[in-house]
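Close look at the chain arrangement
Here is how the chains run, residue by residue.
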Amino acid sequence: MHCKCSKAGGLQLMDSPRVARPINKNLKPLETEPMIGETPTLALDSWLTPNSVFYIRNHFDFPDISDSPDTDWVVNVNGSFKNPGSFTYSDLSKFPKHTQAVTMECAGNNRTDLTPRVPGNQFESGAVSTAVWAGISLSKVLESFEIDPNSKELLFEGKDSGEPEPGVKTQNFQRSLPIDVAMHPDTMLAFEMNGEPIGVEHGGPLRLVVPGWYGMASVKWVRQITALDSPFEGYFQTYKYMFRSGEIPARPVSLMQVKSLITSPMNGTDVKGDSHSISGFAWSGNAEIASVDVSTDGGSTWKPARLVGPSDKYSWRQWNFSWISTNTGHHTILSRAKDKLGNLQPAKSNWNELGYEVNGFKSICLNVI
Ligand SMILES: Nc1nc2c(c(=O)[nH]1)N[C@H]1C(S)=C(S)[C@@H](COP(=O)(O)O)O[C@H]1N2
Ligand SMILES: [Mo]
């Protein structure tokens with residue numbers, strides 16, 4: 001199998017004078033109103049993504065958070081709780097701090113790989129990033145409010161609002177979680193990202209971080225938590241973030257599917273000599289990564305890569321492969337990952353109407369000179 005190398009992509013800078021809101025000039029822009037930007041290809045080669053290049057995916061314009069945290073950010077707790085009420089950002093200091101590295105991938109990452117093409121943000125590979133998040137386990141924060149044992153879900157509301165699409169009623173960003181996921185000790189209300197207070201771009205002062213789940217579950221700018229007796233049926237729950245494809249019954253998108261990416265060298269690069277180091281990342285929301293294989297002949301034969309770097313429960317695993325090339329010219333390099341539950345990355349992504357969970361093999365082309 002032969003490939004043709006096109007020019008390697010580099011850092012793209014954003015230039016949008018119309019936007020007064022905080023924008024991130026280091027991201028690969030998709031939209032500015034609301035702000036949507038991918039992590040640039042070069043920055044994907046780092047285990048932790050610096051805050052300045054962590055991808056941003058907003059459905060609405062940034063909310064006004066000027067009432068916080070100096071004047072204290074209030075979160076209302078209502079619905080089926082024995083003691084409904086509220087807590088504030090500063091109340092959180094009395095709870096033990098929970099810190100963990102979490103890889104977050106937007107459900108629409110790599111949407112551009114699907115054929116036929118689907119509408120939505122045309123993400124390439126950069127809607128995935130990893131940060132060390134710190135905050136408080138949500139279950140600890142909610143203990144004193146005493147949730148009704150018959151509750152089915154917790155609903156989270158962000159402060160951002162707008163029309164999700166023309167003609168659909170103005171609403172806040174809202175998503176729910178099953179009780180067991182919401183109350184899992186690793187589901188947290190986070191206030192720190194890579195050791196800094198979370199910036200407004202990423203949901204500061206307070207956001208949910210749901211490890212293992214696609215990004216839509218990690219509601220930013222959390223202002224309200226409601227315990228529900230029946231499943232939430234809002235726009236972002238039952239219309240968006242549903243895997244819909246032909247006859248198969250639609251199902252909600254939840255855990256990140258097993259996937260791997262080659263992050264170095266970059267696609268389309270000329271590489272010198274015959275000894276090459278190929279590396280990338282692999283992740284799965286279901287379990288830790290068990291193995292990664294690499295093919296340097298377009299998928300005919302595979303050899304195991306070495307798993308390197310930190311091995312954390314909720315973050316991607318770096319891998320490395322030493323390749324001795326035997327001839328010059330263009331080569332198609334592929335990687336495939338397997339997680340510890342035996343889930344295999346598929347060669348081809350499952351096409352679906354809204355373009356979620358795109359996790360098929362992602363090849364790069366290298367020109368050996
Ligand atoms: N309040 C709110 N929370 C949100 C969103 C949003 O638009 N509003 N987008 C979600 C989606 S789809 C993703 S992928 C992640 C992105 O988080 P980030 O912008 O910090 O990368 O936030 C999620 N939480
Ligand atoms: Mo997303």
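So, here is what we can say about the structure in this document. Counting restarts for each chain: residues are numbered from 1 in the order of the written sequence. In the order they appear in the text, chains get letters beginning with A and ligands get numbers beginning with 1. With pLDDT at 70 or above as the cut-off, local features in this predicted model cover only qualifying residues; side-chain atom pairs require 80 or more to be listed or tallied, and sums for whole chains, interfaces and linings still use all residues. The side-chain figures draw on all heavy atoms in the structure; neither hydrogens nor water molecules are used.

The subject of this paragraph is the sheet that holds strand β2 (residues 35–38). The criterion for strand pairing is that DSSP finds at least two bridges linking the strands in question. The helix count covers DSSP runs of H or I at least four residues long, the strand count covers runs of E at least two residues long, and both are numbered beginning at the N terminus. Read from one edge of the open sheet, three strands run β1-β2-β3, paired in antiparallel fashion. The open sheet terminates on both sides in strands that have one partner only, identified here as β1 (28–32) and β3 (56–57). Bridge analysis of β1 against β2 gives four bridges, and the strand direction is antiparallel. Each residue of the ladder has a partner; that of T32, found in β2, is M35.

Moving on, we get to empty space enclosed by the protein. Where empty space is left in the structure can be found by rolling a water-sized probe over the atoms. Detection works on a 1 Å grid of protein atoms alone, calling trapped sets that fit a 1.4 Å probe cavities and calling open sets with protein on both sides within 12 Å along at least five of seven lines pockets, with lining residues defined by an atom within 4 Å of a point. Grid points are joined across faces, edges and corners, and a volume is the space filled by probe spheres set on the points. A complete count under the given rule lists one cavity of 30 Å³ or more for this structure. Considering only enclosed or pocket space, the largest cavity measures out at about 230 Å³ in volume. Taken together, 19 residues line the largest cavity, and the ones lying closest to its centre are R57, R207, G215, S218 and K220. Residue composition of the lining of the largest cavity, by class: ten nonpolar, five polar and four charged. Note on residue categories: nonpolar means Ala, Val, Leu, Ile, Met, Phe, Trp, Tyr, Cys or Pro, charged means Asp, Glu, Lys or Arg, and polar means any other residue, Gly included.

A few words now on the sheet that holds strand β5 (residues 85–88). Pairing is mixed in the open sheet, where five strands are placed in the order β5-β4-β13-β8-β9. Edge positions in the open sheet fall to β5 and β9 (171–178), since each of these has one partner strand only. If you compare each strand with its neighbour and ignore which way they point, the axes differ by 25° on average. Bridging between strand β8 (residues 153–162) and strand β13 (residues 222–228) involves six bridges; their strand directions are antiparallel. Paired with L155 across the strands is T226, a residue of β13. Here, axes are lines fitted to C-alpha atoms. For helices the fit covers the stretch in contact, and angles between N-to-C directions go from 0 to 180 degrees.

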